[in-house]
Amino acid sequence: MNELAIMEALLFAAGEEGLTYKQMADVLDIQEERVYELVQQLKRMYETTERGITVVEMAGTLQLVTKKQCAPYLQKLVESPTTSSLSQAALETLAIIAYRQPITRAEIEQIRGVKSDKPLQTLLGKALIKEVGRAEGTGRPILYGTTKEFLDYFGLKTLDELPPLPQWDEQEEEREADLFFERLNEQLQETNE
């Protein structure tokens, strides 16, 4: 495979973070000067053909980006209802944030019982949540809260319009636990017989 194709794939995979000339040189096992030449070739290729992407350098980092002429179409895509649906994980995470804000990622994961990095990225990307500060304590974790876009998305004026959460009394919780342990004991007895 040629170096230009590999460089293009690397830039695509790096996404917003991009890559430095040194990183590209290390991965391609070539000199930084050669990376510079290849970047210039790639830029010329994108400029001379009808392509929707190009390579830019920002603060010493190379990124593959969409051309400005594509902005109206990208805006339509972002705003289209078919692409704005949320996964079950994102909806769960969003509900937790809406009702418990401000809240840290660790608190969200404790409630959900699974990692929540991806749903948080999705919700941040859709501007439904934002960083609202830092918690006190070790590492000062990020606190998340909902945004005006969240309210708009769900047709709410304020958070007070969120439907109330179902009440879960302690007696019901104890009955559920007792039922669980009764079933567990029954299964253990059946296994021992």
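Residues numbered from 1 in each chain as written. Predicted model: local features only at pLDDT ≥ 70, side-chain atom pairs only at ≥ 80, totals over all residues. Heavy atoms only, no water.

An unreviewed UniProt entry annotates the chain as Segregation and condensation protein B originating from Anoxybacillus ayderensis. UniProt's Function (unreviewed entry) comment on the chain is quoted here verbatim: "Participates in chromosomal partition during cell division. May act via the formation of a condensin-like complex containing Smc and ScpA that pull DNA away from mid-cell into both cell halves." (UniProt positions renumbered as here; feature names shortened; annotations may be inferred.)

Since the α-helix advances by 3.6 residues per turn, residues separated by three or four positions end up pointing in the same direction. Among the residues of helix H7 (residues 117-125), Pro119, Leu120 and Leu123 are the ones counted as buried. Axial view of H7: buried residues confined to an arc of 100°, hence all on one face. The exposed set on the far side of H7, more than 90 degrees from its buried face, consists of Lys118, Gln121 and Gly125. Residues of H7 that are buried sit in contact with helix H5 (88-100), helix H6 (105-112), strand S5 (129-134) and strand S6 (142-146). Where H7 ends, the next residue or the one after it, Ala127, has phi of about 60°, a positive value. (Buried < 20%, exposed > 50% of the residue type's maximum accessible area, 1.4 Å probe, protein only. Helix = DSSP H or I, 4+ residues; strand = E, 2+ residues; numbered from the N terminus. Arc of directions from axis to C-beta. Contact = heavy atoms within 4.5 Å.)

Reading across the sheet, the 3 strands line up as S1-S3-S2 and stay open at both edges, with antiparallel pairing between neighbours. Where the open sheet ends on each side, the last strands, each with one partner, are strand S1 (19-20) and strand S2 (53-58). Across the sheet, helix H1 (residues 3-14) lies against S1, S2 and strand S3 (61-66), angled at about 85° from S3, the strand it touches most. (Pairing = 2+ DSSP bridges. Axes fitted to C-alpha atoms, helices over the stretch in contact; angles between N-to-C directions.)

Here the focus is the sheet that holds S5. Taken in spatial order, the 3 strands make up an open sheet running S4-S6-S5, and their pairing is antiparallel. In this open sheet, the two edge strands, each paired with only one partner strand, are strand S4 (103-104) and S5. Pairing geometry for S5 and S6, over 5 bridges, is antiparallel. Bridging across to S6, Ile129 finds its partner in Thr146. Across the sheet, H5 touches S4, S5 and S6, and the angle it forms with S6 is around 90°. Of the strands in this sheet, S5 and S6 touch H7, which is tilted by about 105° from S5.

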